[in-house]
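The lines below spell out each chain.
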Amino acid sequence: MQILNLILDLVFPKRCVSCGKIGQYFCQNCKSKIRFVENQICPVCQKPTITGATHFRCWTKYSLDGLISAVYYTGPTRTAIHKLKYRWVFSIAEDLVNLITSKINFKNLFPKEKFALIPIPLHPKREAERGFNQAEKLAKILAQKLDWQINTAILKRIKNTKPQTELPAKNRRKNVIGAFKVTRPSGVFGTNFILVDDLATTGSTLKSAGLTLKRAGAVKVWGLTFARTAPFRLS
């Protein structure tokens, strides 16, 4: 695999996603323009929380237990996500995961509990059209780096929803109601999960998927995204 990557780098050299400079997807100058998330927010009330954990007063049996994002969806990171999703620059996924792990200390955040990663699934029709699931690519690399389990089959999207970015915020929650289904409840009951996606806009998709897992018996469900929009509004 390393030899193949070297050959690909020679034939198709990496270029900075922002300025086009050859060498890396984020040159040093453009990397300095990346806005890292300094203040995580409670996924329920939207107010600051140090670790991203849902406030005790906001927590319910079926809510997300927390939500963390590494960067804001702006500048170089916005371009990088577009290149991954729409230009099929798959190798950029590793650089995105490196940004996640450089910002988020998972050992400190989850020192005791064991979590399994679940990439937010695309509807089969949407995945067939695109040819891949960008959340799955990110989750697989992250799982390797953290030596965590990943499950890509236990949660399915059964509703071919409209892309959230095409809808006003007030319609996004309704758009994803009933969008997901657990395929094997016995594999969910009593387990902790982290839902992985590339981008959080309103958080509705993550909350809908989390609700589905909680109803099937999951103990804890967190959301993790590479980026989030700024300002971030949940609905």
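Everything here concerns the structure above.
So, how was this worked out
Residues numbered from 1 in each chain as written. Predicted model: local features only at pLDDT ≥ 70, side-chain atom pairs only at ≥ 80, totals over all residues. Heavy atoms only, no water. Helix = DSSP H or I, 4+ residues; strand = E, 2+ residues; numbered from the N terminus. Buried < 20%, exposed > 50% of the residue type's maximum accessible area, 1.4 Å probe, protein only. Contact = heavy atoms within 4.5 Å. Areas by Shrake-Rupley, 256 points an atom, 1.4 Å probe, with all protein chains shown as cover. Pairing = 2+ DSSP bridges. Salt bridge = Lys/Arg side-chain N within 4 Å of Asp/Glu carboxyl O. Core = buried A, V, L, I, M, F, W, Y, C linked by side-chain atoms within 4.5 Å. Phe/Tyr/Trp six-rings, centres within 6.5 Å; stacked < 30°, edge-to-face > 60°. Right-handed = clockwise from strand over helix to strand, strands pointing away.

**Q** What am I meant to see in the overall build of the chain here?
**A** When you go through the chain residue by residue, the secondary structure sums to nine helices and seven strands. For the chain, buried positions account for 49% of its 235 residues. Partitioning the contacts of the chain with sequence separation of at least 6, the portion at a separation of at least 24 is 72%. Accessible surface, the chain as shown: approximately 12,800 Å² in total, 53% of it carbon and sulfur.

**Q** Would you explain the sheet that holds strand S6 (residues 192-200) in this entry?
**A** Two pairing modes exist for strands in a sheet, parallel and antiparallel, and in both the strands are linked by backbone hydrogen bonds. Taken together, the five strands give an open sheet; going across it, the order is S1-S7-S6-S2-S3, and neighbouring strands pair in parallel fashion. Of all strands in the sheet, those with a lone pairing partner are strand S1 (66-72) and strand S3 (149-150), marking the two edges. In this structure, S1 lies alongside strand S7 (residues 220-228), joined through six bridges in parallel fashion. Within the sheet, the bridge partner assigned to isoleucine 68 lies in S7 and is leucine 224.

**Q** Just checking my understanding: could you explain the pattern of salt bridges for this structure?
**A** Here the idea is simple: oppositely charged side chains can pair when their charged atoms come close. For the coordinates displayed, the defined rule picks out five salt bridges. Here glutamate 38 and lysine 103 are joined by a salt bridge, their closest N and O atoms 3.2 Å apart. In this pair, glutamate 38 is assigned in the loop between helix H2 (28-31) and S1 and lysine 103 in helix H4 (residues 92-103), connecting sequence segments 65 residues apart. The exposed category is assigned to glutamate 38, whose relative accessible area is 58%. A salt bridge links glutamate 136 to lysine 140, with the shortest nitrogen-to-oxygen separation between them at 3.0 Å. Taken together, the positions of glutamate 136 and lysine 140, both in helix H7 (residues 134-146) and four residues apart, correspond to about one turn of that helix. Judged by its relative accessible area of 41%, lysine 140 is partly exposed.

**Q** Would you take a moment to explain the nonpolar core for this structure?
**A** Note that soluble globular proteins tend to have their nonpolar side chains buried in a common cluster. Counting residues in hydrophobic clusters, the biggest one holds 35 residues, and the most contacted among them are Phe26, Ile104, Phe106, Ile194, Leu224 and Phe226. Mapped onto this core, the elements with two or more residues apiece are S1, helix H3 (76-86), H4, helix H5 (106-109), H7, S6 and S7. Examining the composition of this core, we find that six residues originate from one element, H4, more than from any other. Not counting residues within four places of it along the chain, the set of residues in contact with isoleucine 104 comprises Ile68, Ser69, Ala70, Leu109 and Leu224. If you look at the next biggest cluster of nonpolar residues, it comprises 21 residues, including Ile154, Val176, Ala179 and Phe193.

**Q** Before we go on, may I ask you to explain the packing of aromatic side chains in this structure?
**A** Where two aromatic rings form a pair, the distance of their centres and the angle of their planes describe that pair. Counted by the stated rule, this structure contains five aromatic pairs. Aromatic pair phenylalanine 106 and tryptophan 148: ring centres 5.8 Å apart, planes at 80°, arrangement edge-to-face. Of this pair, phenylalanine 106 sits in helix H5 while tryptophan 148 sits in the loop between H7 and S3, placing them 42 residues apart in sequence. Residue tryptophan 148 is classed as partly exposed on the basis of its relative accessible area of 22%. Their ring planes at 90° and their centres at 5.0 Å tell us that phenylalanine 110 and tryptophan 222 sit as a pair that is edge-to-face.

**Q** In this structure, what is going on with the pairing of S7? I would like to understand it.
**A** Consecutive residues of a regular strand have side chains that alternate between opposite faces of the sheet. Extensive coverage of S7 is indicated by the burial of eight of its nine residues. In the sheet, S6 pairs with S7 via eight bridges, with the strands oriented parallel. Residue pairing across strands places phenylalanine 193 opposite valine 221, the latter belonging to S7. The β-α-β motif built from S6, the intervening helix H9 (residues 204-215) and the parallel element S7 has right-handed crossover chirality.

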